[in-house]
Amino acid sequence: MTRHLDPATRLIHSKPPGPRVVRTVGPPILRGSTVLLDTAAELYDDGILTYGRSGLTTHDALTSALAELEGASSVSLFPSGLAAMTAAVTAVLKAGDEILVTDAIYKPTRRFCDNVLSRFGVDVRYHPADLTAPEILARAGPDTRLIVMESPGSLTMEMQDVPGVANLARERGILTLADNTWAASSLFKPLAHGVDISVQSLTKYVCGHSDVFMGSAATRDAAIGKALQDAVRDFGWSVSPDDAYQMLRGLRTLSARLDRHGASSLEVATWLAGHSAVAEVRHPALAGAPGHEIWVRDYRGAAGLFAIVLRPASPKAVAAFLDALELFGLGFSWGGFESLALNGDPQLTSRDHDTPRAGPIIRLNIGLEAPKDLIADLDQALAVFG
Ligand SMILES: *Cc1c(COP(=O)(O)O)cnc(C)c1O
């Protein structure tokens, strides 16, 4: 029949040469919305992949590698870390439920809780980020369904007793979720400590190069795993097979990069702790820093993100310090190979339980540059700060 086809039809039906699959180190990138099926019966077979929104080669390679990292039985992918958070929370809640959320939660997650969850009849309650596990559970009532943790907290870096909260919550039939982006589920594994859902923004350390968005939600519980998969399907989430490939590539070097980020950030933090312009260093791996005992107990290493509180100064002096930095870029997000800085105070205005600090708070992402060069850059910029 092919002989009689119009040139336009031939263009569409030209077939690649027969399948000859060679083995490369990474998986083949299968791109496709339509999945071609061999028989009519397969069109409606629920047991096989019939549509490419998820479940293609690189999606599967990435989810199985992430399941290994998280110690999970099931991992769902989302097009950003924020989408993973909002989907995971939504997947396990219904109208009338109450959730307890750390006040130091990533601000866009808080926006979702306040603007969306509350419209659908979920009662959202925030608690101070440095409460102990029994103090948090004391706030739970008969309708509390979920406790959302983030440790260390966004910008202010409070450590939470994640295992303690998970264990007490389980006794009371309350689910727990941890935004574990800082530890990348390499330095700390929430599921191994009894947390029901481990979420991370893969955009940060797993990607490692500040150029791909993605998020994951992992669990060991079959029913929660199904709820997460249903959320992917019901909300129509999909990640690009090419992006999944890039994430998998990042994942292969995660441990080596984290070792370097952690060692460099400790070196820089230690130097900053001795500087007269610095009132406080909030790095959980630094001896004497807030939450250090929890880090020693639960974490196998340090990440590259921490905060410093400068001595009291005008916003103008803070801007002069940031503008004087040469190696540190100014920008949001983190976890990439490049060092970044930003002032945190403008983002802290929506908190319910913010505690007073001596001065302005600055967040630093320590990249893969040589720490001595980063210290020299901070030294000259702090001289401008005064
Ligand atoms: C960046 C970040 C997110 C959101 O991730 P995106 O991939 O940027 O949407 C969520 N939680 C934390 C703690 C983050 O730092």
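Residues numbered from 1 in each chain as written. Predicted model: local features only at pLDDT ≥ 70, side-chain atom pairs only at ≥ 80, totals over all residues. Heavy atoms only, no water.

## Observations regarding the overall build of the protein
Okay, step 1: Check the secondary structure of the protein and you find twelve helices and twelve strands.
Okay, step 2: In terms of C-alpha radius of gyration, the protein reaches 23 Å, essentially the compact-globule figure of 21 Å for 386 residues.
Okay, step 3: With the principal axes as the frame, the protein shows a C-alpha extent of 85 × 50 × 35 Å.
Okay, step 4: Residues classed as buried in the protein amount to 52% of the 386 residues present.
Okay, step 5: The long-range share in the protein, meaning contacts at least 24 apart out of those at least 6 apart in sequence, stands at 73%.
Okay, step 6: With the model as given, the accessible surface of the protein reaches about 18,100 Å², and the carbon-plus-sulfur share is 56%. (Helix = DSSP H or I, 4+ residues; strand = E, 2+ residues; numbered from the N terminus. Rg over C-alpha atoms; globule rule 2.2 N^0.38 Å. Buried < 20%, exposed > 50% of the residue type's maximum accessible area, 1.4 Å probe, protein only. Contact = heavy atoms within 4.5 Å. Areas by Shrake-Rupley, 256 points an atom, 1.4 Å probe, with all protein chains shown as cover.)

## Some details on the site of the ligand
Okay, step 1: Of all residues adjacent to the ligand, which total 13 residues, the nearest are G81, L82, D179, T203 and K204.
Okay, step 2: Contacts to the ligand include D179, whose side-chain N or O atom sits 2.6 Å from a nitrogen atom.
Okay, step 3: A distance of 3.2 Å separates an oxygen atom of the ligand from a polar atom in the side chain of W334. (Near = heavy atom within 4 Å. Polar contact = N/O pair within 3.5 Å; in protein donor to acceptor, adjacent residues only side chain to side chain.)

## So, the domain arrangement of the protein
Okay, step 1: If you check the domain split of the protein, you get domain 1 (40-252) and domain 2 (254-385).
Okay, step 2: Each of domain 1 and domain 2 was reduced to a C-alpha centroid, and the two centroids are 26 Å apart.
Okay, step 3: Between domain 1 and domain 2, the residue contacts involve 39 residues of the former and 41 residues of the latter.
Okay, step 4: Of the roughly 3,400 Å² buried where domain 1 meets domain 2, counting both sides, 59% is carbon and sulfur surface.
Okay, step 5: Counting the surface domain 1 buries against domain 2, the share from its top three residues, L155, L187 and Y205, is 25%.
Okay, step 6: One can count two salt bridges joining domain 1 with domain 2. (Domains from an automatic or database assignment. Buried area = accessible area lost by both parts, 1.4 Å probe. Salt bridge = Lys/Arg side-chain N within 4 Å of Asp/Glu carboxyl O.)

## Brief notes about the packing of helix α11 (residues 315-324) against helix α12 (residues 371-385)
Okay, step 1: Put simply, α11 and α12 touch, their axes get as near as 8 Å, and they point 150 degrees apart. Considering the angle they form, α11 stands roughly antiparallel to α12. For the pair α11 and α12, the crossing hand works out as right-handed. On α12, the residues touching A317, V318, A320, F321 and A324 of α11 are D377, L378, Q380, A381, L382, V384 and F385.
Okay, step 2: In the contact of α11 with α12, the residues fall into ten nonpolar, one polar and one charged. (Axes fitted to C-alpha atoms, helices over the stretch in contact; angles between N-to-C directions. Parallel < 35°, antiparallel > 145°, perpendicular 65-115°, else oblique. Left-handed = near helix turned anticlockwise from the far one by under 90°. Nonpolar A, V, L, I, M, F, W, Y, C, P; charged D, E, K, R; others polar.)

## Re the pattern of salt bridges
Okay, step 1: Taken as a whole and judged by the stated rule, the model has 15 salt bridges.
Okay, step 2: Among the ionic pairs, R110 bridges to D352, the shortest N-O distance being 3.5 Å. With R110 in helix α4 (residues 107-115) and D352 in the loop between β11 (340-343) and β12 (361-365), the pair connects residues that are 242 residues apart, well separated along the chain.
Okay, step 3: You can call R110 buried: its relative accessible area is 4%.
Okay, step 4: A single network of salt bridges, built from pairs that share partners, joins E98, D123 and R125.

## Side note on the sheet that holds strand β8 (residues 278-282)
Okay, step 1: The mixed open sheet is built from five strands, whose spatial order is β8-β9-β12-β11-β10. Each having just a single partner strand, β8 and β10 (329-330) make up the two edges of the open sheet.
Okay, step 2: Packing of helix α9 (residues 254-273) onto the sheet brings it into contact with β8, β9 (305-310) and β12, and relative to β9 it is tilted by some 10 degrees.
Okay, step 3: Strands in contact with α11 are β9, β10, β11 and β12; relative to β11, the strand with the most contacts, it is inclined by about 170 degrees. (Pairing = 2+ DSSP bridges.)

## Here's the deal with the nonpolar core
Okay, step 1: Counting 87 residues, the largest nonpolar core has L272, F306, F321 and L364 as its most contacted members.
Okay, step 2: Setting aside residues up to four positions removed in sequence, F306 forms contacts with M157, S265, V268, A269, L272, V281, R282, H283, I362, R363, L364 and I366.
Okay, step 3: The next biggest cluster of nonpolar side chains, apart from the first, holds 29 residues, and it includes L93, I99, L117 and L146. (Core = buried A, V, L, I, M, F, W, Y, C linked by side-chain atoms within 4.5 Å.)

## Topic: the side chain of S201
Okay, step 1: Residue placement: S201 occurs in strand β6 (residues 197-201).
Okay, step 2: Relative accessible area serves as the criterion here: at 9%, S201 is assigned to the buried category.

## Quick word on the packing of aromatic side chains
Okay, step 1: What the rule picks out here adds up to four aromatic pairs.
Okay, step 2: Look at F188 and Y299: their rings are 4.8 Å apart centre to centre, the planes differ by 15 degrees, and that puts the pair in the stacked class. Placement of F188 in the loop between β5 (175-179) and β6 and of Y299 in the loop between α10 (292-298) and β9 is noted, with a sequence separation of 111 residues between them. Each member of the pair, F188 as well as Y299, is classed as buried.
Okay, step 3: When the ring centre of Y126 is taken as reference, the NZ or CZ atom of R110 above it lies at 3.8 Å. (Phe/Tyr/Trp six-rings, centres within 6.5 Å; stacked < 30°, edge-to-face > 60°. Lys NZ or Arg CZ within 6 Å of the ring centre and 35° of its normal.)

## Quick look at the side chain of H127
Okay, step 1: Relative to the helices and strands, H127 resides in strand β3 (residues 123-127).
Okay, step 2: Excluding residues that lie within four positions of it along the chain, H127 makes contacts with L100, V101, T102, D103, I136, R139, Q160 and H353.

## Examining α4
Okay, step 1: For α4, the full list of buried residues reads T109, R110, F112 and C113. In a view along the axis of α4, the buried residues occupy a sector of 155 degrees, so they form one face of it.
Okay, step 2: Along its buried surface, α4 packs onto α3 (81-92), β2 (98-102) and β3. (Arc of directions from axis to C-beta.)

## Concerning unusual backbone geometry
Okay, step 1: Residue P152 is reached from S151 by a cis peptide bond, and omega for that bond is -5 degrees.
Okay, step 2: Note that P152 resides in the loop between β4 (144-150) and α6 (162-171).
Okay, step 3: Positive phi values are uncommon outside glycine, yet A184 reaches one of about 55 degrees.
Okay, step 4: You can see A184 is positioned in the loop between β5 and β6.
Okay, step 5: Even without glycine at this site, S333 takes up a positive phi of about 65 degrees.
Okay, step 6: With respect to the helices and strands, S333 occurs in the loop between β10 and β11.
Okay, step 7: On the accessibility criterion, S333 (30% relative accessible area) is partly exposed.

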